[in-house]
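Structural overview
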Amino acid sequence: MRTGIIETYRQYLPDFADPAAPIVSLCEGNTPLIAAPRLAPLLGLPKNFRLFIKFEGMNPTGSFKDRGMTAAVSLAKRKGMQVVMCASTGNTSAAAAAYASRAEMKTVVILPRGEVALGKLSQALIHGAKVLAIGGNFDDALTLVREICAEYPIELVNSVNPVRIEGQKTAAFEIVDALGDAPDFHALPVGNAGNITAYWRGYREFADAGKATRRPRMLGFQAAGSAPLVLGYPIEKPDTIATAIRIGKPASWTQAIAARDDSQGLIHSVTDAQILDAYALVARTEGVFAEPACAAPLAGIRKLAEADYFAPFADREYTVTATLTGHGLKDPDRAVKTVTSGIVEVDGERGAILREIGF
Ligand code: AN7
């Protein structure tokens, strides 16, 4: 039975050591680790590499944010807070609104106007959040949220709230539990950089606990028009079709660089065209529909493979895991726009249909 990440991993979550303290959960986590044997060679991975997709779109609100939000909202409730607030490119707002509703709390979300995928917006609205759309971008929204939460009794539930990272590290635990060890490489999209921070912590903790014999190289990928960690300076006007990761000043900058360097990994960028290619490819070859930002790590693996990055690792079988952070249904417009073959209008009779499908 699904119990949610806090109950499953309580012994590794010091904030939740007391089993009597109530938690707010939607049975998040326990997401599938899906083998991707058809996609792996198409991305150019060598034959001795196995690729797995950690599909975080299978969480209750359709993204990895639920892991952090069960933790953040549980603590806010325990503290007696009545309102939670976040800036968001969409997924954080959906998760905050869902968990806060369950906790009988109010949610205020600040979004970049016109830049949030419809699925995410619909979630925040149906859960009853107060949705405020500003003219600025995500970074501007986060600055406002930080200022307001510092002065008023409102719980900030962005990943600058440390318990969010604690919740999100459980995804790395699940991967180790599923594989029996840590992978050799872990690829994921990077926006505000909370998740790469969380995974690295999770992998380190499970290695320290003796649950894994190794720690993976962390491979982070940003969109080219929105790649401050790659360029080494903040971006004032980040731009990419992957709206989830359109972030120019990542809050967890230092931690992301530490994860990269301590793991002997890298943070690279991929173009929107490469992202869209990988987005369609994983859907067609493996049946996994993830939102565009999630394709960044797949596009990144392909780019690395083309540059022979994996070639030196030839002495044994290697495992790569890639987190696909959110569900494709979050952004259906993008899917419809991406597929140029589109819909064929046909007369509603056998002959016309058979002609169209070549029988
Ligand atoms: C699908 O919802 O920042 O590097 O406000 O929605 O931990 O920020 C979302 C980020 C990757 C980047 N994939 O993760 C928000 C928000 C998806 C995302 C990221 C996000 P971080």
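The strands making up a sheet associate through backbone hydrogen bonding, with each pair oriented either parallel or antiparallel. Here four strands make up an open sheet; going across it, the order is S5-S4-S3-S6 and the pairing parallel. Strands with a single pairing partner mark the edges of an open sheet, and in this sheet they are strand S5 (130-134) and strand S6 (155-156). Where helix H4 (residues 91-102) meets the sheet, it contacts strand S3 (83-87) and strand S4 (106-112), and its direction lies at approximately 170° from that of S4.

This brings us to the site of the ligand. With respect to spatial proximity, 22 residues lie near the ligand, and among them Asn-91, Thr-92, Ala-193, Asn-195 and Thr-325 are the closest. Take Ser-88: an N or O atom from its side chain is 2.9 Å from an oxygen atom of the ligand. Contact with the protein chains hides 99% of the accessible area of the ligand, taken as 480 Å² for the molecule alone. The pocket occupied by the ligand, as judged from atoms lying within 2 Å of grid points, is the largest cavity. Among the elements of the structure, H4 and helix H9 (194-208) are those that each provide at least two residues to the shell around the ligand. Of the domains in this structure, domain 1 (5-61 + 165-338) and domain 2 (65-163) are the two that each give at least three residues to the shell around the ligand.

The geometry of H9 relative to helix H11 (residues 253-262) is characterised by a closest axis approach of 8 Å and an angle of 45° between their N-to-C directions. As the angle between them shows, H9 and H11 are arranged oblique. Pair H9 / H11 crosses with left-handed handedness. Where H9 approaches H11, its residues Ile-196, Thr-197 and Trp-200 are matched on the opposing element by Gln-255, Ala-256, Ala-258, Ala-259 and Asp-262.

The strand order S1-S2-S10-S7-S8-S9 describes an open sheet built from six strands, whose pairing is mixed. Every other strand in the sheet has two partners, leaving strand S1 (33-35) and strand S9 (266-270) as the edge strands with one partner each. Ignoring strand direction, the axes of neighbouring strands in this sheet form an average angle of 25°. With seven bridges joining them, strand S2 (residues 49-55) and strand S10 (residues 318-324) adopt parallel strand pairing. Bridge assignment links Phe-52 to a residue of S10, and that residue is Thr-321. Together, S1, S2, strand S7 (185-189) and S10 form the strand contacts of helix H8 (residues 170-179), whose direction differs from that of S2 by roughly 135°.

Quick notes on the rules
Residues numbered from 1 in each chain as written. Predicted model: local features only at pLDDT ≥ 70, side-chain atom pairs only at ≥ 80, totals over all residues. Heavy atoms only, no water. Pairing = 2+ DSSP bridges. Helix = DSSP H or I, 4+ residues; strand = E, 2+ residues; numbered from the N terminus. Contact = heavy atoms within 4.5 Å. Axes fitted to C-alpha atoms, helices over the stretch in contact; angles between N-to-C directions. Near = heavy atom within 4 Å. Polar contact = N/O pair within 3.5 Å; in protein donor to acceptor, adjacent residues only side chain to side chain. Areas by Shrake-Rupley, 256 points an atom, 1.4 Å probe, with all protein chains shown as cover. 1 Å grid on protein atoms, 1.4 Å probe; cavity = no way out; pocket = protein on both sides within 12 Å on 5 of 7 lines; lining within 4 Å. Sits in = over half its atoms within 2 Å of the grid points. Domains from an automatic or database assignment. Parallel < 35°, antiparallel > 145°, perpendicular 65-115°, else oblique. Left-handed = near helix turned anticlockwise from the far one by under 90°.

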